Amino acid sequence: MSFKSIVRELREMKDGIGNISRRGEEGRNWRNRAQSHIAPDVASFEPSEQGQWANIPPELLLHIIRRVEESETTWPARTAVLFCASVCKSWREVTKEIVRTPEECGRLTFSISLKQPGPRESPVHCFIKRSRDNSVYRLYFGLTPLIVCLVASVKMYLVYLIDKSSFISSNFLGTKFTLYDSQPPSDASIQERSPHSRRFRAKQENASFSSIQEGGTAPTPTSFPQSVGEKASLPSVSDAKETANDVCPRESLVVKNKAPRWHEQLQCWCLNFKGRVTVASVKNFQLVAAVDPSHNIPAEEQEKVIIQFGKIGKDIFTMDYRYPLSAFQAFAICLSSFDTKPACE
Amino acid sequence: MASSSSSSKTGLKKMLTLKSSDGDEFELEESIVIQCQTIKHMVEDGFSLIPLQNVDTKTLTKIIEYMKKHAEKTESNKEEIKNFNKEFVKGSFDDQFELVSAANYLHINGLMDLLCQSIADRINNKSVRAVREIFNISNDYTPDEEEKVRDEHKWAHEGGEFDESLD
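This structure is a prediction, so every number in the text was calculated from the model and none was measured. (Residues numbered from 1 in each chain as written. Chains lettered and ligands numbered in written order. Predicted model: local features only at pLDDT ≥ 70, side-chain atom pairs only at ≥ 80, totals over all residues. Heavy atoms only, no water.)

S.K.: In this structure, what is going on with the pattern of salt bridges? I would like to understand it.
M.R.: Where charged atoms of side chains with opposite charge meet at close range, the side chains can pair. What the rule picks out here adds up to 19 salt bridges over all chains. Residue A:Glu69 pairs with A:Arg78 through a salt bridge whose shortest N-O separation is 2.8 Å. Of the two residues, A:Glu69 and A:Arg78, both sit in the buried class. As a salt-bridge pair, B:Arg132 and B:Glu146 come within 3.5 Å of each other at their nearest N and O atoms. A residue pair is termed long-range when its members are at least 10 positions apart, and B:Arg132 in helix α8 (residues 128–134) and B:Glu146 in helix α9 (residues 143–152) qualify at 14 residues. For the pair shown, B:Arg132 and B:Glu146 are each scored as buried. In this structure, a network of salt bridges that share partners links the residues A:Arg130, A:Arg132, A:Lys314 and A:Asp315. (Salt bridge = Lys/Arg side-chain N within 4 Å of Asp/Glu carboxyl O. Buried < 20%, exposed > 50% of the residue type's maximum accessible area, 1.4 Å probe, protein only. Helix = DSSP H or I, 4+ residues; strand = E, 2+ residues; numbered from the N terminus.)

See below:
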């Protein structure tokens, strides 16, 4: 076979792929294409096929994509930024260079930003919708569903499956919930309850205690782990405890309920949710950092609500979170308070 | 040296010649041309005939049109300039590529801003496939890589209507 005929054949293959993608909606075809045995990178044999735009200088591309990023700050319009990152490798690099973390810009972009700490000042406003008939919880940002959680029963434990590598499980009494997230070291117990109090403990690396001290930082993952297994196995709770203690020597961030004020006129205990919660419910809560006086955290910082959760209608709740929690951790904390176990109030 | 500064005051404007890559020459007043940083530096170095190897006649004509209009910019004609800009960016994507590359090469910041914003606006709601086709970029991901990329943006591809057109 001559070189020319190989090139011709490759070109035909490439055209074929183009045709496949032309059928129907892009989204539905992605998986099909990804599983096809035709390698789309055959075009690299023929650099001359690339048009003038393909040779666009990186600094020019940077200017263009930066403008896309700056003009689309809300979802779902922000999809445009992700599309820029999907075009090809060089576009992806440029886009990644431009996009900042939620902590820096207050915006969510790539899926990884769900696991990055939220902004320090104004919280990210999300809401959670519950479908009672199939036990599914969805976390929304605007109209965009961010995380979907299925509730399953494994033996006598309730398990909240978040994605293929993360889940929350409770102990038998429902007094302790543990979040398992992709990699063993980042296990965290997210809620421990006693009949009179709740303690939320974020033992995840992400939200270590030092992060709320002045000038402290919460580690920000920049990519997903590469070697995630198909299905995470269910480690026992005791295993998780050991791992967490061994691997995470840093003092973990402990958060506690914000104390409500007594409202003279209404004759009840109240919390100020700043209009984000409209229905009185036992599930409503606001959490602040529980700090030891010896750590010299300013009173102002101690009063800052890190996460608030509350009811706004039947099966619909708001969830506002901020630094040092990530959307993922905040959602996990909220999920643990949906559970109705004997030990829950 | 003294003559060049005084001549611009007395009405005898200093003229410069720009030469496109096709060999066509355009004579323009210096005050118009110095919007372009690259040429400004060449003028400062004493050039009066400026060869532009990377800019063809068609593109140069457009750029001169832009520079002439923007040289007239005052407080009172803002609206007019705005409309001019709107019309100016109405070309095909290919024309815009030529223009934006030339603006980048010549360092005309205003024009760069205008064109980049216009291109950004035009690709904003386009599907990935449409963007690839418009920019004539071949997908250099392997299927595995593409799936990974896809995974990083799971939520972006669920639902929503995307523009598949190529203009």
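Read on for the rest.
S.K.: Mind showing me how you'd approach the packing of aromatic side chains here?
M.R.: What describes a pair of aromatic rings is the distance from one ring centre to the other and the angle between the planes of the rings. This model, assessed by the stated rule, comprises 9 aromatic pairs over all chains. By way of ring pairs, the aromatic residues A:Trp91, B:Phe93 and B:Phe135 are connected into one cluster. If you follow A:Lys96 out to its NZ or CZ, it ends over the ring of A:Phe110, 5.6 Å from the centre. Looking at B:Lys62, its charged tip hangs above the ring of B:Phe88, at a distance of 4.4 Å from the centre. (Phe/Tyr/Trp six-rings, centres within 6.5 Å; stacked < 30°, edge-to-face > 60°. Lys NZ or Arg CZ within 6 Å of the ring centre and 35° of its normal.)

S.K.: Sorry if this is basic, but what is going on with the side chain of A:Arg322 here?
M.R.: Residue and element names in this part refer to chain A. For Arg322, the position within the fold is in the loop between β14 (316–321) and α9 (327–336). One polar contact links the side chain of Arg322 to the main-chain carbonyl oxygen of Arg120, over a distance of 2.7 Å. Only 3.1 Å separates the side chain of Arg322 from the backbone oxygen of Val305, close enough to count as a polar contact. In contact with Arg322, not counting residues within four places along its chain, are Gly118, Pro119, Arg120, Glu121, Pro123, Glu301, Lys304, Val305 and Ile306. (Polar contact = N/O pair within 3.5 Å; in protein donor to acceptor, adjacent residues only side chain to side chain. Contact = heavy atoms within 4.5 Å.)

S.K.: Looking at this structure, how should I read α9(A)?
M.R.: Because each turn of an α-helix spans 3.6 residues, side chains separated by three or four positions in sequence point in the same direction. The element α9(A) is largely enclosed, with a buried count of 10 among its 10 residues. Regarding α9(A), the residues found buried are A:Ala327, A:Phe328, A:Gln329, A:Ala330, A:Phe331, A:Ala332, A:Ile333, A:Cys334, A:Leu335 and A:Ser336.

S.K.: Where do I start with a negative patch on the surface in this structure?
M.R.: All names here are of chain B. On the surface, a cluster of negative charge is made up of Asp22, Asp24, Glu25 and Glu27. Tracing the chain through its elements places Asp22 in the loop between β1 (15–19) and β2 (25–29). Here Asp22 falls in the exposed class, since its relative accessible area comes to 51%. (Patch = residues over 30% accessible without salt bridge, like charges linked within 9 Å, V, L, I, M, F, W, Y side chains within 5 Å. Areas by Shrake-Rupley, 256 points an atom, 1.4 Å probe, with all protein chains shown as cover. Lys, Arg positive; Asp, Glu negative; His and termini not counted. Charge placed at Lys NZ, Arg CZ, Asp CG, Glu CD.)

S.K.: Teacher, can you tell me more about the sheet that holds β2(B) here?
M.R.: Either a parallel or an antiparallel arrangement is found when strands of a sheet pair, and the pairing is made through backbone hydrogen bonds. Residues and elements named next belong to chain B. The 3 strands are arranged β2-β1-β3 in an open sheet whose pairing can be described as mixed. Each having just a single partner strand, β2 and β3 (49–51) make up the two edges of the open sheet. Sheet twist, expressed as the mean angle between neighbouring strand axes with direction ignored, is 25°. In terms of strand pairing, β1 meets β3 through 3 bridges, oriented parallel. Across the sheet, residue Leu18 finds its bridge partner in β3, namely Ile50. Here helix α3 (residues 37–44) sits on the sheet and contacts β1 and β3; the angle it forms with β3, its principal contact strand, is near 135°. (Pairing = 2+ DSSP bridges. Axes fitted to C-alpha atoms, helices over the stretch in contact; angles between N-to-C directions.)

S.K.: Looking at this structure, how should I read the confidence of the model for chain A?
M.R.: A low pLDDT score tells you not to read the predicted coordinates there in detail. Residue and element names in this part refer to chain A. Averaged over every residue, the pLDDT of chain A is 69; the share at 70 or more is 59%. By mean pLDDT, helix α7 (residues 237–247) is the weakest element of chain A at 34, and β14 is the strongest at 93. Here residues 14–49 is a poorly scored stretch, pLDDT under 50, and it has 53 contacts once near neighbours within four places are set aside; other chains count. Low confidence marks residues 226–249, where pLDDT is under 50. Its contacts with residues over four positions away, or in another chain, come to 28 contacts. (pLDDT = per-residue confidence, 0-100.)

S.K.: Before we go on, may I ask you to explain the nonpolar core in this structure?
M.R.: What tends to happen in soluble globular proteins is that the nonpolar side chains get buried as a cluster. Grouped together as the largest cluster of nonpolar side chains are 102 residues, with contacts concentrated most on A:Trp91, A:Ile128, A:Ile307 and A:Met319. Among residues more than four places away in sequence, those in contact with A:Ile128 are A:Tyr137, A:Arg138, A:Leu139, A:Phe309, A:Asp315, A:Ile316, A:Phe317, A:Met319, A:Phe331, A:Cys334 and A:Phe338. (Core = buried A, V, L, I, M, F, W, Y, C linked by side-chain atoms within 4.5 Å.)

S.K.: What is the right way to look at the environment of B:Cys36 in this model?
M.R.: Residue and element names in this part refer to chain B. Here Cys36 is to be found in the loop between α2 (30–33) and α3. Here Cys36 falls in the buried class, since its relative accessible area comes to 0%. As a C-alpha pair, Cys36 and His107 span 71 residues in sequence and 5.7 Å in three-dimensional space. If sequence neighbours within four positions are ignored, Cys36 has contacts with Met67, Leu106, His107 and Ile108.

S.K.: Help me understand the packing of helix α4 (residues 79–86) of chain A against helix α5 (residues 89–98) of chain A in this model?
M.R.: Angle between the axes and distance between the axes: these two values describe a pair of packed helices. All names here are of chain A. One way to put it is that α4 packs onto α5 with a least axis distance of 6 Å and a crossing angle of 135°. The angle between α4 and α5 falls in the class oblique. Of the residues in α5, those in contact with Val81, Cys84 and Ala85 of α4 are Trp91, Arg92 and Thr95. Broken down by class, the residue content of the contact of α4 with α5 amounts to 4 nonpolar, 1 polar and 1 charged. (Parallel < 35°, antiparallel > 145°, perpendicular 65-115°, else oblique. Nonpolar A, V, L, I, M, F, W, Y, C, P; charged D, E, K, R; others polar.)

S.K.: Is there a simple way to think about the pairing of strand β5 (residues 166–170) of chain A in this case?
M.R.: Side-chain positions along a regular strand alternate between the two faces of the sheet. Residue and element names in this part refer to chain A. Most of β5 sits out of view: 5 of its 5 residues are buried. Burial of β5 is two-sided: the residues Ser166, Ile168 and Ser170 facing one way and the residues Phe167 and Ser169 facing the other way are all buried. Two elements, β5 and strand β6 (residues 176–181), share 5 bridges in a ladder whose sense is antiparallel. Each bridged residue has a counterpart across the sheet, and for Ile168 the counterpart in β6 is Leu179.

S.K.: Would you take a moment to explain the environment of A:Arg132 for this structure?
M.R.: Residue and element names in this part refer to chain A. Structurally, Arg132 is set in the loop between β1 (124–131) and β2 (136–141). Taking C-alpha positions, Arg132 is 7.8 Å from Asp315, a pair spaced 183 residues apart along the chain. Polar side-chain contacts of Arg132 include one of 2.9 Å to the side chain of Asp315.

S.K.: How should I be thinking about a nonpolar patch on the surface in this particular structure?
M.R.: All names here are of chain A. A surface patch of nonpolar side chains, about 220 Å² in accessible area, is lined by Val148, Leu150 and Leu161. With respect to the element layout, Val148 can be found in strand β3 (residues 144–154). With relative accessibility at 34%, the residue Val148 sits in the partly exposed group.

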